[in-house]
Amino acid sequence: MDWDNARIFLAIYRVGTLRGAAALLQIDQATAGRRLAALESSLDARLFLRTPGGYVPTAAGELAFAAAERMEQAADQLQRQMQGLDHRLSGVVRVATSETVASYFIMEAIRRLHLQHPDIRIDLSTSIQISNLTRREADLAIRNVKPDNPDLIQRHLARKEVGLYASRSYLAAHGEPRPGTAFAGHTLVTYQQAVLPGWSDTFCGEPTGNGRVAIELNSGVMIIEAVAAGLGIGEIPTHMAPSYPDLVRIWPSRSEDYDLWLVMHGDLNRTARVRAVADAIIDVFEADK
């Protein structure tokens, strides 16, 4: 069973389309199709039903997924262990975090890192979704959820808070909301439900049921921009708000705390370039305190 073919099979299984799998693996769609056909031929089994809605695994496909996933785990473990022996301060380190953390903390960490180690290149991915470190979607991640996987090493970086904000122009036109009214008569800026289900149910402990959602977004930075543009009231990290002079905090006594954790796989803890990036990130958060 060719591992390259199995890798493509896993991508198709996870995203459900040939096009999506090819984009995920950064290969040509025709190549992905040929690899899948080769795998099905070698196994003498149909692994997917081709439907208008995408590729649906057959019973054989479900069995193949379990075996291919074990191959993936073994390959990833081997690569992590070999990286753990790497003492070079050069090469690529993949970092995953949210846009807000990246813009406020990680860019400064990368700037400091390159002053000391210019041969380390950062591959930075920004998303609210949590990267899977075990499957090597990233080498390092900054998360607001403490991981429970025993294979992962974590370090608490900071405790931050979000507060309620609106622009001066919005408040001039609509006034401040009154506590206990569930934002009656006001418009709100929130995350898309598909991205963070239930996020917009309350803002800093206040139910939002009487408010009207003006815009839903999948980006923390875009939420700040939308609130600053006067589109409505939103929750914003308090340490970022001073960068937007037009923002005014509403109900300053109300806030919600969240924690930030630096997470890496234990096999990479002794990789020199990964350790250097982790130390740069830690230094920036320590300086911020």
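Below or above, wherever it landed, is the structure these notes cover. Being a predicted model, the structure only gives us computed values, none of them experimental. (Residues numbered from 1 in each chain as written. Predicted model: local features only at pLDDT ≥ 70, side-chain atom pairs only at ≥ 80, totals over all residues. Heavy atoms only, no water.)

Our next topic: the pairing of strand S13 (residues 256-265). The side chains of a regular strand alternate, first on one face of the sheet and then on the other. Counting buried residues along S13, 8 of its 10 residues qualify, which places the element largely inside the surrounding structure. Of the strand pairs in this sheet, strand S5 (residues 140-143) and S13 are connected by 4 bridges, and their pairing is antiparallel. Across the sheet, the residue bridging to Leu 140 is Met 264, located in S13. In this sheet, S13 lies alongside strand S6 (residues 152-167) in antiparallel orientation, the contact comprising 10 bridges. (Buried < 20%, exposed > 50% of the residue type's maximum accessible area, 1.4 Å probe, protein only. Helix = DSSP H or I, 4+ residues; strand = E, 2+ residues; numbered from the N terminus. Pairing = 2+ DSSP bridges.)

The next subject is helix H2 (residues 18-25). Taken together, the buried positions of H2 are occupied by Leu 18, Ala 21 and Ala 22. Along the long axis of H2, the arc covered by the buried residues comes to 100°, so they all point the same way. The exposed residues of H2 that point more than 90 degrees off its buried face are Arg 19, Ala 23 and Leu 24. Buried residues in H2 make contact with helix H1 (3-15), helix H3 (29-43) and strand S2 (54-57). For H2, the N-terminal cap is Thr 17; the gap from its side-chain oxygen to the backbone nitrogen of Gly 20 is 2.9 Å. Gln 26 sits one or two positions beyond H2 and adopts a positive phi of about 60°. (Arc of directions from axis to C-beta. Contact = heavy atoms within 4.5 Å. Polar contact = N/O pair within 3.5 Å; in protein donor to acceptor, adjacent residues only side chain to side chain.)

All right, on to the layout of surface pockets then. Empty space within the largest pocket amounts to approximately 730 Å³. Taken together, 33 residues form the lining of the largest pocket, with Ser 98, Ile 128, Asn 144, Tyr 191 and Leu 196 sitting closest to its centre. Residue assignment for the lining of the largest pocket shows that the elements contributing at least two residues are strand S3 (91-97), helix H5 (99-116), strand S4 (120-126), S5, helix H7 (220-228), strand S11 (234-237) and S13. In terms of residue count, S13 provides more of the lining of the largest pocket than any other element does, 4 residues in total. (1 Å grid on protein atoms, 1.4 Å probe; cavity = no way out; pocket = protein on both sides within 12 Å on 5 of 7 lines; lining within 4 Å. Points joined across faces, edges and corners; volume = space filled by probe spheres on them.)

Here we take up the side chain of Thr 58. Residue placement: Thr 58 occurs in the loop between S2 and helix H4 (59-84). Apart from residues no more than four positions distant in its own chain, Thr 58 is found in contact with Arg 46, Leu 47, Phe 48 and Leu 49.

Running from N to C, H1 and H2 point in directions that differ by 120°, and their axes come no closer than 8 Å. It follows from the interaxial angle that H1 and H2 lie oblique. Between H1 and H2 the crossing geometry is right-handed. The segment H1 lies against H2, with Arg 7, Ile 8, Ala 11, Ile 12 and Val 15 engaging Leu 18, Gly 20, Ala 21, Leu 24 and Leu 25. (Axes fitted to C-alpha atoms, helices over the stretch in contact; angles between N-to-C directions. Parallel < 35°, antiparallel > 145°, perpendicular 65-115°, else oblique. Left-handed = near helix turned anticlockwise from the far one by under 90°.)

Remark: H1 packs on H3, axes separated minimally by 9 Å, with the N-to-C direction vectors making an angle of 110°. Classified by the interaxial angle, the pair formed by H1 and H3 is roughly perpendicular. Contact residues: Asp 4, Asn 5, Ala 6, Ile 8, Phe 9 and Ile 12 in H1; Ala 32, Arg 35, Leu 36, Ala 38 and Leu 39 in H3. The class makeup of the residues in the contact of H1 with H3 is 8 nonpolar, 1 polar and 2 charged. (Nonpolar A, V, L, I, M, F, W, Y, C, P; charged D, E, K, R; others polar.)

With that settled, consider the pattern of salt bridges. The final tally for this structure, using the stated rule, is 13 salt bridges. The partner of Arg 14 in a salt bridge is Glu 72, with the nearest N and O atoms 2.7 Å apart. Linking Arg 14 in helix H1 with Glu 72 in helix H4, this pair joins segments that are 58 residues apart in sequence. A residue is classified by how much of its surface remains accessible, and Arg 14, at 31% relative accessible area, is partly exposed. In the salt-bridge network here, residues are joined through shared partners; they are Arg 14, Glu 69 and Glu 72. (Salt bridge = Lys/Arg side-chain N within 4 Å of Asp/Glu carboxyl O.)

Okay, the packing of aromatic side chains next. Going through the model one piece at a time under the given rule, you end up with 8 aromatic pairs. For the pair Tyr 13 and Phe 65, a centre-to-centre distance of 3.9 Å together with 10° between the ring planes defines the contact as stacked. Taken together, the residues Tyr 13 in helix H1 and Phe 65 in helix H4 connect sequence positions 52 residues apart. Judged by its relative accessible area of 16%, Phe 65 falls in the buried class. By way of ring pairs, the aromatic residues Phe 9, Tyr 13, Phe 48, Tyr 55 and Phe 65 are connected into one cluster. (Phe/Tyr/Trp six-rings, centres within 6.5 Å; stacked < 30°, edge-to-face > 60°.)

On their own, these measurements won't tell you what the molecule is for.
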